[in-house]
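Close look at the chain arrangement
Listed below are the residues making up each chain.
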Amino acid sequence: MGHDKIVTSTAWSPGPGCHGGCGVKLFVQDDKVVRVEGDEQHPFSNGRACPRLLAMTQYMYHPDRITYPLKRVGERGTGKFERITWDEALDAIEEKLGRIRDEHGPEAVLFCQGTGRDIGGPISFLAYSYGSPNWVQLGLGGHSCYTPRLGAMMATQGDYAVLDAAQFSELRYDDPEYELPKVIVIWGQNPMPGCPDGFFGHWIVDCMKRGSKLIVIDPRWTWFASRAEQFLQIRPGTDGALALGLIHVIIKEHLYDKAFVEAWTEGFDELKARAAEYTPERVAEITWLPQDAIIAAARLYAGAKPAAIHWGVPIDMNPEGSTVAQAISHLWCLTGNLDVPGGNIIARPSHGVTTYPFSTQEMHELYGEEFVKRLNEKRIGANEYAMVRNFRGWAQPDLTVQQMLSGEPYPIKACWIQTSNILGGQAVDVRLHHEALKKMEFVVVADLFHNPTSMAVADIILPVASFAEKESFRSWWAPLQVIAPAVQVGECRSDWEINLELAKRFNPELKKRYETVKDLINDRMKVAGTSYDELKQAGGWVMPERGSASRPYRRYEKGLLRPDGKPGFRTPSGKVEFYSRSYAEWGLDPLPYFSEPPASEVRTPEQYEKYPLIMVTGRRSSVYFHSEHRMIPWLRECDPDPIVEIHPSVAKPLGIENGEWVCIENDQGRIKRKAVVTPIVHPKVVSVPHGWWLPEQAGQEPKLFGIWDVNCNVLTPTGTQSKSGYGGGAYKTTLVKVAKLREGRDRNG
Amino acid sequence: MAKYGFVIDVEKCTGCHSCFLACKDEFIGNDYLPTAAAQPDKGHTWIKLNEVEHGAGTKLKVDYIPHMCQHCEDTPCAAPAPAGAVYRRADGIVIIDPEKAKGCKSIVNACPYRAVYWNEAAQLPQKCTMCAHMLDNGEKTTRCAEACPTGALVFGDLADETSPAAKLLAQKGAKAEVFKPELGVAATTRYISLPKPFIAGEVLLADKPGECLKGAKVTLTAKDEAACQVETKTDFFGDFEFKNLAVNKNYVVKAEYEGYYAKEMTVRTYASLNIGALMLEPR
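Residues numbered from 1 in each chain as written. Chains lettered and ligands numbered in written order. Predicted model: local features only at pLDDT ≥ 70, side-chain atom pairs only at ≥ 80, totals over all residues.

Some remarks on the overall build of chain A
- Check the secondary structure of chain A and you find 31 helices and 27 strands.
- With respect to the principal axes defined by its C-alpha atoms, chain A has extents near 70 × 70 × 60 Å.
- Classification of the 749 residues of chain A by burial places 63% in the buried group.
- For chain A, the proportion of contacts with a sequence separation of at least 24, taken over those separated by at least 6, is 73%. (Helix = DSSP H or I, 4+ residues; strand = E, 2+ residues; numbered from the N terminus. Buried ≥ 20, exposed ≤ 12 C-beta atoms within 10 Å, placed from the backbone. Contact = placed C-beta atoms within 7 Å.)

Here we look at the overall build of chain B
- Within chain B one finds 5 helices and 16 strands.
- Counting only C-alpha atoms and orienting by the principal axes, one finds that chain B spans roughly 75 × 35 × 35 Å.
- Of all 283 residues assigned to chain B, the portion counted as buried reaches 44%.
- Summarising the internal contacts of chain B: among those between residues at least 6 apart in sequence, 58% fall at separations of at least 24.

A word on the interface of chain B and chain A
- If you look at the interface, chain B gives 27 residues, while chain A gives 31 residues.
- Classifying every residue of the side of chain B that touches chain A gives 12 nonpolar, 8 polar and 7 charged. (Nonpolar A, V, L, I, M, F, W, Y, C, P; charged D, E, K, R; others polar.)

As for the environment of Leu366 of chain A
All names here are of chain A.
- Residue position: Leu366 is located in helix H15 (residues 360-367).
- Residue Leu366 is classed as partly exposed on the basis of its C-beta count, with 16 C-beta atoms lying within 10 Å.
- Expressed as a C-alpha distance, the spacing of Leu366 and Pro133, which sit 233 residues apart in the sequence, is 15 Å.
- Excluding residues that lie within four positions of it along the chain, Leu366 makes contacts with Thr354 and Pro357.

Remarks on the sheet that holds strand S18 (residues 472-474) of chain A
All names here are of chain A.
- Strand order in the open sheet formed by 3 strands is S18-S19-S20, and the pairing between neighbours is antiparallel. Strand pairing shows two members of the sheet lacking a second neighbour, S18 and strand S20 (541-542), which therefore form its edges.
- Pairing of strand S19 (residues 480-483) with S20, which is carried by 2 bridges, proceeds in the antiparallel orientation. Within S20, the position partnered with Gln481 by the bridge is Trp541. (Pairing = 2+ DSSP bridges.)

Quick notes on the nonpolar core
- Residues Leu246, Ile247 and Ile294 of chain A are the most contacted members of the largest nonpolar core, which totals 332 residues.
- Beyond its immediate stretch of four places on either side in the chain, Ile247 of chain A contacts Leu271, Ala275, Ala327, His330, Leu331 and Leu334 of chain A. (Core = buried A, V, L, I, M, F, W, Y, C linked by C-beta atoms within 7 Å.)

Overview of the environment of Pro544 of chain A
All names here are of chain A.
- For Pro544, the position within the fold is in the loop between S20 and helix H25 (555-558).
- Along the sequence, Pro544 and Arg524 sit 20 residues apart, while their C-alpha atoms lie 16 Å from each other.
- Apart from the residues within four sequence positions on either side, Pro544 is in contact with Phe168, Ser350, His351, Ala478, Ser550 and Arg551.

Comments concerning the domain arrangement of chain A
- Split into domains, chain A comes out as domain 1 (70-143 + 358-464 + 492-514), domain 2 (160-347) and domain 3 (605-748).
- Look at where the C-alpha atoms of domain 1 of chain A and domain 2 of chain A centre, and you get two points 36 Å apart. (Domains from an automatic or database assignment.)

A look at the sheet that holds strand S13 (residues 239-242) of chain B
Residue and element names in this part refer to chain B.
- Ordered by their spatial adjacency, 3 strands build an open sheet running S13-S10-S16, and the pairing between neighbours is mixed. On the outer flanks of this sheet lie S13 and strand S16 (273-280), each paired with one strand and no other. Direction aside, neighbouring strands of the sheet carry axes that sit 25 degrees apart on average.
- Where strand S10 (residues 199-205) lies against S16, 6 bridges are found, and the strand directions are parallel. Note that in S16 the partner of Leu205 across the bridge is Leu280. (Axes fitted to C-alpha atoms, helices over the stretch in contact; angles between N-to-C directions.)

Observations regarding the domain arrangement of chain B
Residue and element names in this part refer to chain B.
- Along its sequence, chain B is organised into domain 1 (4-192) and domain 2 (199-280).
- If you look at the interface, domain 1 gives 7 residues, while domain 2 gives 4 residues.
- Going through the elements one at a time, strand S2 (47-56) and strand S3 (59-68) are the ones with two or more residues in the side of domain 1 that touches domain 2.
- In terms of residues, the side of domain 1 that touches domain 2 owes the most to one element, S2, which gives 3 residues.
- Residues that form the side of domain 1 that touches domain 2 fall into these classes: 1 nonpolar, 4 polar and 2 charged.

Some points on helix H9 (residues 239-252) of chain A
Residues and elements named next belong to chain A.
- Between its terminal C-alpha atoms H9 stretches 20 Å, which fits the 20 Å expected from 14 residues at 1.5 Å a residue.
- Summarising burial for H9: 13 of the 14 residues are buried, a large majority.
- Positive phi appears at His254, one or two residues downstream of H9, with a value of about 55 degrees. (Expected span 1.5 Å × (residues − 1).)

Quick look at the packing of H9 of chain A against helix H12 (residues 280-287) of chain A
All names here are of chain A.
- Closest axis-to-axis distance for the H9/H12 pair is 9 Å, and the angle between their directions is 160 degrees. Our classification of the angle between H9 and H12 gives roughly antiparallel. Considering how the two elements wind past one another, H9 and H12 form a crossing that is left-handed. Contacts from Ala241, Leu242, Leu244, Gly245, His248 and Val249 in H9 reach Pro280, Val283, Ile286 and Thr287 in H12.
- Class assignment of the residues belonging to the contact of H9 with H12 gives a composition of 7 nonpolar, 3 polar and no charged. (Parallel < 35°, antiparallel > 145°, perpendicular 65-115°, else oblique. Left-handed = near helix turned anticlockwise from the far one by under 90°.)

Comments concerning helix H7 (residues 202-210) of chain A
All names here are of chain A.
- Taken together, the buried positions of H7 are His202, Trp203, Ile204, Val205 and Cys207.
- Along its buried surface, H7 packs onto strand S9 (183-187), helix H6 (191-194) and strand S13 (307-311).
- A positive backbone phi angle near 120 degrees is found at Gly211, which sits one or two residues after H7.

Section: the pairing of strand S10 (residues 213-218) of chain A
All names here are of chain A.
- Of all 6 residues in S10, 5 are buried, a share of seventy percent or more.
- Looking at chain direction, S9 and S10 are connected through 5 bridges and run parallel. What sits directly across from Val183, in S10, is Lys213.
- Bridge count for S10 against strand S11 (residues 230-233) is 4 bridges, and the pairing is parallel. By the bridge assignment, Asp218 is partnered in S11 with Gln233.

Topic: unusual backbone geometry
All names here are of chain A.
- Cis geometry is adopted by the peptide bond preceding Pro409, which originates at Glu408 and carries an omega value of -5 degrees.
- Topologically, Pro409 is positioned in the loop between helix H18 (397-406) and strand S15 (414-418).
- Cis geometry is adopted by the peptide bond preceding Pro479, which originates at Ala478 and carries an omega value of -5 degrees.
- Here Pro479 lies in the loop between S18 and S19.
- Unlike most non-glycine residues, Asp197 shows phi in positive territory, near 55 degrees.
- Its place among the elements puts Asp197 in the loop between H6 and H7.
- Looking at Asp197, the number of C-beta atoms within 10 Å reads 23, which means it is buried.
- Positive phi is not limited to glycine here, since His254 has a value of about 55 degrees.

With respect to the packing of H18 of chain A against helix H19 (residues 430-438) of chain A
Residues and elements named next belong to chain A.
- Between H18 and H19, whose axes approach to 9 Å, the crossing angle comes to 45 degrees. The orientation of H18 with respect to H19, classified from their angle, is oblique. Pair H18 / H19 crosses with left-handed handedness. Judged by residue contacts, Val401, Met404 and Leu405 of H18 engage Leu432, His433, Glu435 and Ala436 from H19.

As structure tokens, this is what we get:
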């Protein structure tokens, strides 16, 4: 195919939609991207791409893409919008949000984002420049996405850790310092389709090819489960009990790393006493797993060195997600697999550069400790939950929606919603969120396509650039890399560009610091001793230097982790804390424990009798990222329908045939899905993929692209958050029943 | 002369659909005459992925089989076609001529692999061309093989021993086979590790039923063929598995452990089987 030039860049967010990191080649002809391929020279993805990248041209030049600013001209929900200029849009936003700030204070505006993309940086920057403490993943029950895991790791070991696939080395698997994990535990994730949390799913396949053995923990058979030494088909929401059961066996059978535990940890005896309560017999009963399988898994994991755990968002979605994450992180600490080659290695943003603040420390560095403290006075959830107050800067989503409705303790007047389809995506109890959003005086949506949220509530819509159209940067986790624009589409602007312009209007001080987005990027890259242009010239990426704080291994021995430069960890005690001092200070149980899901056969047997199936939502598709891409024809062809996976033993007595539309319901509502009868789900579980809305249907109220018919979160409740405020969204534990569609209403409705 | 072909390692296919997308990207809206006319926007899967689930209960396997034109030597698709409308090139690529095959819908039904698609607007039967236009232009591979992130889909000149496909065939050729050999049309695409029936189960001791029994001897004998016998030991979890078995054959599974009575079970591989636990009684 002909092309004028090839632009190498980094994929992150609009486009593939994902958490990004892949090196890509954008083929450009006549100022149009005509093809996208993986960049063989890039150490993150080594030339590999995914269906969503391969469909980039359909995404960027889709006829439905919003390419200029819009303002609403009819009633909300009627879908009537009119083209306006950028100046008109920004002036209107400045005027409206400025007036709300004057009358109600900056906290009356919510700044809402979705998942971990190149949005956390720009949106927090805008929120804080405006003065609002309420940066929130609105709708995300229990704030159950990575933050609970991050908080648990920060409390236990003072840093975050990830499976070591040599991703911090330009030599990758050939790095002489690197060792392959002998055993990999994939806990609650199908890493290939989603590539979440800055982790490229193919790295696990790379390790398998080189000889790593797998233990897979999931309620559903995946490709990885089929290739595992051991597959533990667990009851959803009981991962905490399993982790404690594994700890029990590892301690009882002396399989832990005594030297590491002795030298670098505290609280072992307390953990031992707690784990003693979780005998394999008891854990087997809780988790549906055979006792012998639990014991064998503990022996296989702890008996291999190095071994590593790779986990997914279901951990956060467990009841008491932050304590479940704590228990699992204890496993790699107990076995001495922390920050060793082939273990779970400490991950810090490359070169200490912050794009998207992942920790309180980074927030302090960017905005100052005093400012962050001041935000806490009004931040929703900061007073109710000490962990929310002391870890990162989020408003607690379940409390936020309540406050939108009640106006207590202070009113919420407006939402800035940036690349987040709340009603078609993450929001639990969609009806409640719909009602709350409709109460807002003013809503801005910045996005690439119309979606149920923009249709229902947007007053102004700003067109956002895809990654192929923007200048940005990325340091999650390595390498440090630039995102370089290849083309311009319509009048679309990048999230950074939009937010910097508005931030300057709300905080004129910023005008002195940053004229352009590049100034801001260069400012943030200063700690790395480089700049946007310099890095772009040098190939677009750089790995952290050996011996630096953001490059493994065994940094705790070398004094690279603590601010005082002493060996040890960045925890209050300087050690790995099995008994967490931070949790104790926050009024939480300092030790991990198991808590039964809010609705279950054990906790609510009457409800279980009525609704005997556990709905797990969120199985990933390689052609979609959450609620995106349903309008991209090539992708939709691969995964065309909103489905429900049902075990044959459940479908048969109900008379449900493969391919038939069925209804899924509980006391909160009912939805329709196409049945896939398959043995890959547990007989007591139905798998209901999330993020479904139907762009081909009417967008106007009341249809909103079919969300009331197909969005699984019509059925999931709000208010199930953990005691810590982080974790506990019931995305994997909601009870439902499945039935054939009734003639009449169901078929016509 | 080059001899082009696909070699597909099914074990490595994760079902990501990148091949499908790359094929669309290459052919939708693009004519590559004389080997291909543009693929229509929707409905064609010149390469598709068959998801296969086999086994039961705690022994299940999920596999994906990439499925496209097998570029058969017998070219059964040529039978109903007008002269010259379907031809097999010297390099092994089967081409449906976009001019001469116009209107000939019976070519679609003549393909036993169901790999030919009908383009209603163009009145044309269409299928995988092995990206002949790229190869004719000096390139070495197809778009789909290039996009495959795991190395499951490998393409190359089989006559050139340095090509990736020839290398893979040299390495694993003993295991290579054709997809649905019963169709008997001399398909040229080679598959490695196509899913085959397995027999899996576990061995337990009647007096210690909660324990994983590692190291119990399990033998599998093909009935009527005593010579065809394989032996394994139960693994870490007390499980055993015999892979790659023949379809619809009777087998005897025998479990033995010192100090216990042996146990036998006869099973037929009409599909992959999870035979559950063989419980051994103490002597």
